[in-house]
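Residues per chain are reported as follows:
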Amino acid sequence: MKYVEVAAGILWRDGRYLAVCRPQGRLHAGRWEFPGGKLEAGERPAGALHRELAEELGVHPRTAALWRTVEHIYADKDLHVRLHFFHVTDFAGEPAAREGQVLRWTTPRDALALDFLEADLPLVRDLAAQPLPSTGLREQEA
């Protein structure tokens, strides 16, 4: 089974967060997710988050707080993922789809209707129950 470690950002703006639909030709094409990507060898989750958001969306987090780390197995893909989810409440730049993905600002409640990846679904549900990031999150260096 292949093991992958991922950093993902929940970018907030005016009570909405950014959802990304995976482009055709990619694993899980057409499914929604939080933006981010794989950690490189020796990379820490916060560093990967900054690099991935810059590459994928052209934004640079100013305030990112680790919210939750989850593990999920996609048995049909023989894939085990460990995901580090960060609330990003301040960032520089305007998100742009640099990799052919579709971007959508969504309310936490409206996100429930999107076809999110299985690993992200529990977080989508939790965000709908309490839409704004908790003030008790640990701040990461920006």
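Below is a short write-up of the structure. Quantities reported herein were computed from a predicted structural model and do not represent experimental measurements.

Criteria and cut-off values
Residues numbered from 1 in each chain as written. Predicted model: local features only at pLDDT ≥ 70, side-chain atom pairs only at ≥ 80, totals over all residues. Heavy atoms only, no water. Salt bridge = Lys/Arg side-chain N within 4 Å of Asp/Glu carboxyl O. Helix = DSSP H or I, 4+ residues; strand = E, 2+ residues; numbered from the N terminus. Buried < 20%, exposed > 50% of the residue type's maximum accessible area, 1.4 Å probe, protein only. Pairing = 2+ DSSP bridges. Core = buried A, V, L, I, M, F, W, Y, C linked by side-chain atoms within 4.5 Å.

**Looking at the pattern of salt bridges**
One pass over the full model with this rule turns up 12 salt bridges. A salt bridge links Glu-5 to Arg-82, with the nearest nitrogen and oxygen atoms 3.4 Å apart. Of the two residues, Glu-5 sits in strand S1 (residues 2–13) while Arg-82 sits in strand S6 (residues 79–92), which places them 77 residues apart along the sequence. A relative accessible area of 28% means that Arg-82 is categorised as partly exposed. A salt bridge links Glu-55 to Arg-51; the shortest N-O distance between them is 3.4 Å. Remark: Arg-51 and Glu-55 occur in helix H1 (residues 45–57); sequence separation between them is 4 residues, near one turn of the helix. Given the relative accessible area of 39%, Glu-55 is considered partly exposed. Salt bridges sharing partners connect three or more residues here, namely Glu-40, Glu-43, Arg-51, Glu-52 and Glu-55.

**What to know about the pairing of S6**
For S1 and S6, the ladder comprises 10 bridges, and the chain directions are parallel. In the sheet register, Tyr-3 faces S6, and the bridge partner there is His-80. Across 13 bridges, the pairing between strand S5 (residues 60–74) and S6 is antiparallel. By the bridge assignment for S6, Arg-68 is matched with Phe-85. Connecting S5 to the antiparallel partner S6 that follows it, the hairpin turn spans 4 residues, and Asp-78 within it adopts a positive phi of roughly 55 degrees.

**Some details on the nonpolar core**
Membership of the largest hydrophobic core comes to 24 residues, with the highest contact counts inside it found for Ile-10, Tyr-17, Phe-34, Leu-83, Phe-85 and Phe-116. Looking at this core, the elements that each hand over two or more residues are S1, strand S2 (16–21), S5, S6 and helix H3 (121–129). Of all the elements, S1 adds the most residues to this core, at 5 residues. Of all hydrophobic cores here, the second largest spans 15 residues; its members include Ala-7, Leu-11, Leu-39 and Ala-46.

Honestly, that's just the spatial picture; any functional story needs more than this.
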